[in-house]
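# Remarks on the overall topology
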Amino acid sequence: MEKPMPTPGWRRLAGMREIGLILIILALFAAMSFASPYFLTWENMRAMAMAFAVEGIVVVGMTILLISGGIDLSVGSVTALAMVIAGLSFLNGVDPWTASLIAILACAAIGAIMGFFVTKVGLHHFIVSLAAMVIARGACLLGTGGRPLGLFTLPPEFKFIGQGSIGVIPVVIIIFIVVVVAFDFMLRRTTMFRKVFYTGSNEKAAAYSGIRTKKVIFLTTTLCSALCGVAGVIYMARFGSAQPTFGIGMELNVIAAAVIGGASLSGGSGTILGAILGTILLSVVSSSLALLDVSVYWQDIIRGSILLAAVTIDHYLSKRRS
C-alpha cells in the first residue's frame with residue numbers, strides 16, 4: 001500500500017497562519033466582550049461586517065495579484081473612480097445598471113493598461129500602479145470638481161445591493177461571500193489559477209515550463225482593477241453618492257490584510273481564506289479601538305505597526321523558504 005504524499009510545506013504554513021489568525025480573532029472577541037458592552041451587540045457586528053465586506057472584495061483581487069508576483073497601489077483611487085464614472089453616467093441619463101457596467105469595464109481597462117506597461121514595456125508594478133493611483137485620483141477630482149455627487153434619485157432596486165437585506169443578512173455580505181467562495185475555489189482547484197502560483201514562485205521557470213507568464217500577470221492585474229470597480233459600484237449603492245476622495249489609504253489596508261493572511265510580497269504563496277481572515281482581524285482591531293475611544297491618530301499608528309509587523313514576518317518566512 002502506497003504511503004500518502006506528505007503535505008507540502010507551504011500548505012502546512014498556510015494552514016498554521018489561518019489557524020493562528022482565527023485564534024487571535026477569537027481572543028480579541030473575548031477580550032473586547034469584557035472591555036466594552038457594545039462590542040458583541042448585533043449593531044456592532046453588522047457594522048463590522050459591512051465595513052470589511054466590500055473592502056474584502058478588493059482584498060480578493062489584491063491577494064491573487066500578490067500571488068502572481070505583482071502589487072497594486074491604485075486600488076483606493078480606482079474604487080473611487082468607479083463611483084465617479086457610474087455616478088456621472090447616471091446623472092447624465094444612463095440607467096444605474098448600465099452605468100455600473102460602464103464603470104466596471106473602465107476599471108478593468110485601467111488594469112489592462114497597467115498590465116500592458118508591466119508585461120510589454122517592462123516597468124515594475126509598483127511604479128505603474130503608483131502612477132495609476134495619482135491619475136485615477138486626479139480624474140475623480142476633475143470629473144466632480146472635488147465635490148461629492150449626490151445620487152438621491154437612484155432607484156430603490158439599485159440601492160438594495162448596498163443597503164438591502166435578505167432576511168437579517170445584508171445583501172453586501174451575500175455578494176462578498178459569493179465572490180470569496182468563487183475565487184477561493186478557482187484558486188485552489190482550477191488549472192488556470194494554479195498558474196498564478198507557478199508564475200509568482202518563479203516566473204522564469206514557469207515560462208520555461210510552457211506557462212504564458214506575461215498573460216497571467218496581465219490578467220491578474222486586470223482582475224484586481226475590475227474587482228475595484230465592483231466594490232466602487234456597491235459603495236455607490238450603499239452611500240447613495242459618489243465621493244471623489246473616497247478610498248484614500250485603502251491600499252494599505254488591503255495589502256496589510258492580504259499579507260497578514262499569508263500572501264507573500266515576493267509572490268508564489270497566499271490564500272483567499274487567509275486574506276479574508278486578515279481583513280476581519282483589521283476590522284475587529286479598528287472597531288475595538290473606536291469603542292475604546294482611542295485617538296484616530298493612534299489608530300493610524302497602530303494599523304501602520306500591524307502592517308510593518310506583517311511585512312517583517314513575511315520577509316522572515318520568505319528567507320527561510322529560500
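In this text, all values refer to a predicted model and were calculated from it rather than measured experimentally.

This part takes up the overall build of the protein chain. Helix and strand counts for the protein chain stand at 13 helices and four strands. Radius of gyration (C-alpha) of the protein chain: 20 Å, near the 20 Å computed for a compact globule of 322 residues. Going through the 322 residues of the protein chain one by one, you find that 49% of them count as buried. Residue pairs in contact within the protein chain that sit at least 24 positions apart in sequence constitute 78% of those at least 6 positions apart. Entry remark: accessible area of the protein chain is about 15900 Å², with carbon and sulfur atoms responsible for 70%. Of the side-chain charges in the protein chain, 22 are positive and 13 negative, and the distance between the mean point of each set is 10 Å.

Right, let's talk about the nonpolar core for a bit. Counting 86 residues, the largest nonpolar core has Val60, Ile64 and Phe183 as the members making the most contacts within it. Here the element with the most residues in this core is helix H2 (residues 42–67); it accounts for 14 residues. Those residues in contact with Phe183 that lie beyond four places of it in its chain are Val60, Ile64, Phe193, Leu223, Leu227 and Ile272.

Its identity is not glycine, yet Asp293 carries a phi of approximately 60°, on the positive side. Note that Asp293 resides in the loop between helix H12 (272–291) and helix H13 (296–321).

A few words on the packing of aromatic side chains. Tallied over the entire structure, the rule returns eight aromatic pairs. Here Trp97 and Phe158 contribute two aromatic rings whose centre-to-centre distance is 5.1 Å and whose plane-to-plane angle is 75°, an arrangement assigned as edge-to-face. Note that Trp97 is positioned in helix H4 (residues 96–121) and Phe158 in helix H6 (residues 156–163), a separation of 61 residues in sequence. Its relative accessible area of 44% is what places Trp97 among the partly exposed residues. Plain terms: the ring middles of Phe239 and Phe246 are 6.1 Å apart, the flat faces sit at 55° to each other, and that makes the pair tilted. Of the residues examined, Phe239 reaches a relative accessible area of 37% and is grouped as partly exposed. A connected cluster of aromatic rings, assembled from ring pairs, spans Tyr235, Phe239 and Phe246.

In this structure, Asn44 sits in helix H2. What makes Asn44 buried here is its relative accessible area of 12%. Separated by 3.2 Å, the side chains of Asn44 and Ser287 make a polar contact. Discounting residues that sit within four places of it in the chain, Asn44 has contacts with Tyr38, Phe39, Ser287 and Leu291.

This part takes up the pattern of salt bridges. Scanning the model with the defined rule gives two salt bridges in all. Asp184 is the salt-bridge partner of Arg188, the closest N and O atoms lying 3.0 Å from each other. Of this pair, Arg188 and Asp184 both sit in helix H7 (residues 171–189), four residues apart, which is roughly one turn of that helix. With a shortest N-O distance of 3.5 Å, Lys214 and Glu203 are connected by a salt bridge. Of this pair, Lys214 sits in helix H10 (residues 213–239) while Glu203 sits in helix H9 (residues 203–208), and the two are eleven residues apart along the sequence. On the basis of relative accessible area, Lys214 is assigned to the partly exposed category, the value being 42%. Its relative accessible area of 31% is what places Glu203 among the partly exposed residues.

Take a nonpolar patch on the surface next. Taken together, Trp42, Phe160, Ile166, Val168, Ile169, Ile174 and Val178 make up a surface patch of nonpolar side chains, about 670 Å² in accessible area. With respect to the helices, strands and loops of the structure, Ile166 is situated in strand S2 (residues 165–166).

So, about a positive patch on the surface. The grouping of Lys120, Lys195, Arg212 and Lys215 at the surface amounts to a positive patch. Mapped onto the fold, Lys195 is located in helix H8 (residues 191–201).

With that settled, the discussion passes to the state of the cysteines. A complete count under the given rule lists zero disulfides for this structure. In this structure Cys140 is not part of a disulfide, and its nearest cysteine sulfur, from Cys107, lies 9.0 Å away. Cys224 carries a free sulfur, and the closest cysteine sulfur to it, the one in Cys228, is 4.8 Å from it.

In this section: the side chain of Ser287. Inspection of the secondary structure assignment puts Ser287 in helix H12. Classification of Ser287 by relative accessible area gives buried; the value is 10%. Discounting residues that sit within four places of it in the chain, Ser287 has contacts with Phe39, Asn44 and Met48.

Attention now moves to H12. Relative to the 28 Å expected for 20 residues at 1.5 Å per residue, H12 spans 29 Å between its end C-alpha atoms, a close match to the ideal helical length. Counting buried positions along H12 gives 15 out of 20 residues, so the element sits mostly inside the fold. Looking one or two residues past H12, Asp293 carries a phi angle of roughly 60°, positive in sign.

The rules behind these values
Here, residues in each chain are numbered from 1, in the same order as that chain's written sequence. It should be noted that, the model being predicted, local features are given only for residues of pLDDT at least 70 and side-chain atom pairs only at 80 or more, the latter also being counted only at that level, while totals for whole chains, interfaces and linings use all residues. To obtain the side-chain values, all non-hydrogen atoms of the structure were included, while hydrogens and water were left out. Helix numbering and strand numbering both begin at the N terminus, where a helix is a DSSP run of H or I of at least 4 residues and a strand a DSSP run of E of at least 2. For the radius of gyration, the atoms used are the C-alpha atoms, and the globule rule reads 2.2 Å times the number of residues raised to 0.38. Burial here depends on accessible area, computed with a 1.4 Å probe over protein chains only, as a share of the maximum for the residue type. Under 20% is buried, over 50% is exposed, and the range in between is partly exposed. Two residues qualify as a contact provided that any one of their heavy atoms is within 4.5 Å of a heavy atom in the partner residue. Only the protein chains shown count as cover for residues, and all accessible areas are computed by the Shrake-Rupley method using a 1.4 Å probe. When charges are counted, Lys and Arg contribute as positive and Asp and Glu as negative, whereas His and the chain ends are disregarded. To locate a charge, take atom NZ for lysine, CZ for arginine, CG for aspartate or CD for glutamate. Only buried residues count toward a nonpolar core. Its members are Ala, Val, Leu, Ile, Met, Phe, Trp, Tyr and Cys residues joined through side-chain atoms within 4.5 Å. Working definition: rings of Phe, Tyr and Trp (its six-membered ring) pair if their centres are within 6.5 Å, and the pair is stacked with planes under 30 degrees apart, edge-to-face with planes over 60 apart, and tilted otherwise. Any pair of N or O atoms that falls within 3.5 Å is considered a polar contact. Within protein, one atom must be able to donate a hydrogen and the other to accept it, and sequence-neighbouring residues count only if both atoms are side-chain atoms. Throughout this description, the term salt bridge denotes a Lys or Arg side-chain nitrogen within 4 Å of a carboxyl oxygen of Asp or Glu. Patch members must show over 30% relative accessible area and no salt bridge, and they are joined within 9 Å when carrying like charges or within 5 Å when they are nonpolar side chains of Val, Leu, Ile, Met, Phe, Trp or Tyr. For the purposes of this analysis, a disulfide is any pair of cysteine sulfur atoms at a distance within 2.5 Å. Expected helix span is computed as 1.5 Å times (number of residues minus one).

Without other data, these values stay purely geometric and don't point to any function.
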